[in-house]
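Chain by chain, the residues run as shown.
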Amino acid sequence: MAGCGGGGSGDSGGDNNQVSETDTTPPSIPQNLTTTTVSDTQIDLSWSASTDDVGVAGYKIYRDGTQIDTTANTSYSDTGLISETIYTYTVSAYDAAGNESGESEGVSGTTQVYYVSPTGTALWSECANIDTPCSWQTAVANAVAGDLILFRGGTYEPGTLSTSYEVPAMNPSNSGTNGNPITFQAYPGETAIIHDAVGGAAIGAFQRNYIVWDGFTIDRNLDTGEGASSIVRIEMSNHITIRNCDMIGRPHKDHTNGTLIAVVNGSYIDIYNNKLHGVSADPNPIEPVVNASAIWVFDATNVNIYNNDVYDNNIGISWKVDPSYINVYQNHIYNCERAAIYVQPETSGDTDFIIYQNVVRNCRMFVQAPDAMANPYYNLKVYNNTVYNSGEIGRAHV
């Protein structure tokens with residue numbers, strides 16, 4: 001059946017598993033449910049497959065607490081929705097015996113859509129119409145919780161920072177809320193390119209919460225190369241998501257922490273499904289390059305880095321100075337000049353690092369953790385990773 005406001009395009013699910021009459025075990029609860037707004041009448045869902053002792057037959061889709069459909073797939077398109085509306089979705093799994101898992105964690109999607117283009121000039125009140133887009137400056141100044149801002153294809157120039165380097169050029173003026181983030185997203189099927197900013201990061205969040213950046217090509221086109229520079233900076237912010245982006249770096253010129261994504265004094269940060277590449281050591285550096293990396297985490301907590309393609313960098317992922325609860329998993333990290341993962345403790349408070357199910361190749365080291373004796377870690381777990389063609393094969397350099 002279809003719920004009020006629209007139907008879906010999922011496949012009605014089921015398979016021909018033969019199940020014992022004594023099967024009473026439900027599948028696992030679906031994980032990693034995400035929503036993608038396709039238009040002001042369609043929201044797409046995707047999630048990770050459940051497991052079952054016999055076999056998963058399908059999934060039930062719930063919108064705002066009411067089941068609207070079933071599907072045998074791990075994705076679903078909810079169509080015919082009402083524009084300018086926020087919906088909440090959950091998914092459960094079921095098997096052929098009729099056992100149903102619990103529902104997944106609820107995730108919101110919005111059909112409140114605004115449009116941006118590189119040449120847009122419309123007022124905020126006008127850019128809900130795709131034919132009258134506004135500028136990115138208007139969008140970041142006016143977007144509020146629950147809004148989706150779609151960037152049409154083309155190249156966006158952040159220009160020169162008007163404040164300090166900690167504040168990204170495209171820093172939103174407002175925060176989202178739990179379940180209703182502000183989402184900045186490349187228009188589906190188009191390439192929205194954001195260039196480097198002069199003096200600091202192009203996108204991210206400074207003292208903001210519940211912000212999503214989704215699907216952009218972010219190009220470090222400027223040869224800044226000095227200082228703790230980044231093209232994405234998250235500082236003193238919580239519940240920030242960076243996903244589905246292609247980030248292109250440049251060779252770094254000095255000893256400091258040049259990076260694509262910098263996370264500083266933040267918490268509950270999710271970085272996933274990105275391509276992160278090109279932060280190598282400059283062949284003619286001003287000073288020896290030490291910690292340049294694709295992702296750099298400094299004094300942050302509850303950071304999840306997963307399903308990223310990280311390659312052609314000096315270091316893949318690094319963190320230092322009192323980080324805690326850092327989860328790095330299911331990434332493909334390769335062609336590192338130094339370590340795939342670099343962990344530098346500076347106090348004895350660093351705790352709970354979990355590194356698992358990553359594939360690492362052609363890196364000098366897998367995990368490099370200098371000074372661990374002086375500043376020991378607590379609960380460092382490294383397991384089920386695949387490492388090959390490493391300069392120090394099968395070894396975590398600790």
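Our structure is the block above this text.
Rules of the game
- Residues numbered from 1 in each chain as written.
- Predicted model: local features only at pLDDT ≥ 70, side-chain atom pairs only at ≥ 80, totals over all residues.
- Heavy atoms only, no water.
- 1 Å grid on protein atoms, 1.4 Å probe; cavity = no way out; pocket = protein on both sides within 12 Å on 5 of 7 lines; lining within 4 Å.
- Points joined across faces, edges and corners; volume = space filled by probe spheres on them.
- Helix = DSSP H or I, 4+ residues; strand = E, 2+ residues; numbered from the N terminus.
- Nonpolar A, V, L, I, M, F, W, Y, C, P; charged D, E, K, R; others polar.
- Buried < 20%, exposed > 50% of the residue type's maximum accessible area, 1.4 Å probe, protein only.
- Contact = heavy atoms within 4.5 Å.
- Core = buried A, V, L, I, M, F, W, Y, C linked by side-chain atoms within 4.5 Å.
- Pairing = 2+ DSSP bridges.
- Salt bridge = Lys/Arg side-chain N within 4 Å of Asp/Glu carboxyl O.
- Polar contact = N/O pair within 3.5 Å; in protein donor to acceptor, adjacent residues only side chain to side chain.
- Axes fitted to C-alpha atoms, helices over the stretch in contact; angles between N-to-C directions.
- Phe/Tyr/Trp six-rings, centres within 6.5 Å; stacked < 30°, edge-to-face > 60°.
- Lys NZ or Arg CZ within 6 Å of the ring centre and 35° of its normal.

Peer 1: Would you take a moment to explain the layout of surface pockets for this structure?
Peer 2: A water-sized probe rolled over the atoms picks out the places where empty space is left. Empty space within the largest pocket amounts to approximately 1,300 Å³. Around the largest pocket, the lining comprises 47 residues; the ones closest to its centre are Leu33, Thr34, Val107, Asp270 and Tyr272. Counting residues per element, the lining of the largest pocket draws most heavily on strand S1 (residues 31-39), at 7 residues. For the lining of the largest pocket, the per-class residue count stands at 17 nonpolar, 27 polar and 3 charged.

Peer 1: Explanation requested: the environment of Ile271 in the structure shown.
Peer 2: Mapped onto the secondary structure, Ile271 falls in strand S20 (residues 267-272). Given a relative accessible area of 0%, Ile271 falls into the buried group. The spatial distance from the C-alpha of Ile271 to the C-alpha of Asn304 is 6.2 Å, given a sequence separation of 33 residues. Setting aside anything within four residues of it in sequence, one finds Ile271 in contact with Ile242, Ile261, Val263, Ile295, Asn304, Ile305, Tyr306 and Asn308.

Peer 1: Can you help me understand unusual backbone geometry in this one?
Peer 2: With glycine set apart, most residues show a phi of negative sign, and most peptide bonds adopt trans. Positive phi, close to 50°, is recorded for Met236, a residue that is not glycine. Summarising the element assignment, Met236 is placed in the loop between strand S16 (232-235) and strand S17 (238-243). A positive phi is found at Asp312, a non-glycine position, where the angle reads about 60°. Mapped onto the secondary structure, Asp312 falls in the loop between strand S24 (309-311) and strand S25 (315-320).

Peer 1: Help me understand the nonpolar core in this model?
Peer 2: Generally speaking, nonpolar side chains in soluble globular proteins are found buried as a group. Among the nonpolar cores identified, the biggest contains 63 residues, and Ile149, Phe184, Phe216, Met247, Ile261, Trp319 and Ile341 are the most heavily contacted of them. In terms of residues, this core owes the most to one element, strand S27 (residues 332-344), which gives 5 residues. Setting aside chain neighbours within four positions, we find Ile149 in contact with Tyr114, Val116, Trp124, Ala139, Ala143, Ile182, Thr183, Phe184 and Gln185.

Peer 1: What's the story with the pairing of strand S19 (residues 259-264) in this structure? I'm lost.
Peer 2: Two faces make up the sheet, and in a regular strand the side chains alternate between them. Of all 6 residues that make up S19, 6 are buried, and the element is covered over most of its length. Pairing geometry for S16 and S19, over 4 bridges, is parallel. What sits directly across from Glu235, in S19, is Val264.

Peer 1: Where do I start with the pattern of salt bridges in this structure?
Peer 2: Side chains that differ in sign of charge can pair as their charged atoms come close. What the rule picks out here adds up to 6 salt bridges. Residues Asp196 and Arg220 are paired through a salt bridge, measuring 3.0 Å at the closest nitrogen-oxygen approach. Pair noted here: Asp196 is in the loop between strand S12 (192-195) and strand S13 (203-206) and Arg220 is in the loop between strand S15 (217-219) and S16, with a separation of 24 residues, a long-range link. Between Asp214 and Arg243 there is a salt bridge, with the nearest N and O atoms lying 3.0 Å from each other. On the criterion of sequence distance, the pair formed by Asp214 in strand S14 (residues 209-214) and Arg243 in strand S17 is long-range, its members being 29 residues apart. Each member of the pair Asp214 and Arg243 is classed as buried.

Peer 1: Explain the environment of Lys275 to me, please; I cannot follow it from the model alone.
Peer 2: Looking at the element boundaries, Lys275 is found in strand S21 (residues 275-277). In sequence terms Lys275 and Ala294 are 19 residues apart; their C-alpha atoms lie 9.6 Å from each other. Setting aside residues up to four positions removed in sequence, Lys275 forms contacts with Cys245, Asp246, Met247 and Asp309.

Peer 1: Would you mind showing me how to read the side chain of Thr35 here?
Peer 2: The topology assignment puts Thr35 in strand S1. Looking at Thr35, the relative accessible area reads 10%, which means it is buried. At 2.9 Å, the side chain of Thr35 and the backbone oxygen of Ser108 are in polar contact. Each residue touching Thr35, except ones within four places of it in the same chain, is listed here: Ile43, Asp44, Leu45, Tyr89, Val107, Ser108, Gly109 and Arg243.

Peer 1: Sorry if this is basic, but what is going on with the sheet that holds S17 here?
Peer 2: Hydrogen bonds between backbone atoms are what pair the strands of a sheet, whose relative direction is either parallel or antiparallel. The 10 strands are arranged S8-S9-S11-S14-S17-S20-S23-S26-S28-S30 in an open sheet whose pairing can be described as parallel. Because the sheet does not close on itself, it has two edges, and the strands there are strand S8 (113-116) and strand S30 (378-383). Averaged over all neighbouring strand pairs, the angle between strand axes comes to 10°, with direction disregarded.

Peer 1: Just to check I follow, could you spell out the packing of aromatic side chains for this structure?
Peer 2: The description of two aromatic rings rests on the distance between their centres and on the angle between their planes. Enumeration over the complete set of coordinates arrives at 16 aromatic pairs. A centroid spacing of 5.1 Å and a plane angle of 10° characterise the contact between Tyr311 and Tyr334, whose relative ring orientation is stacked. On the criterion of sequence distance, the pair formed by Tyr311 in strand S24 and Tyr334 in strand S27 is long-range, its members being 23 residues apart. Comparing Tyr311 with Tyr334 shows no difference in burial state: the two are buried. Taken together through their ring pairs, the aromatic side chains of Phe151, Tyr156, Phe184, Trp213 and Phe216 make up a single cluster. A cation sits over an aromatic face here: Arg152 above Tyr187, 4.3 Å from the ring centre.

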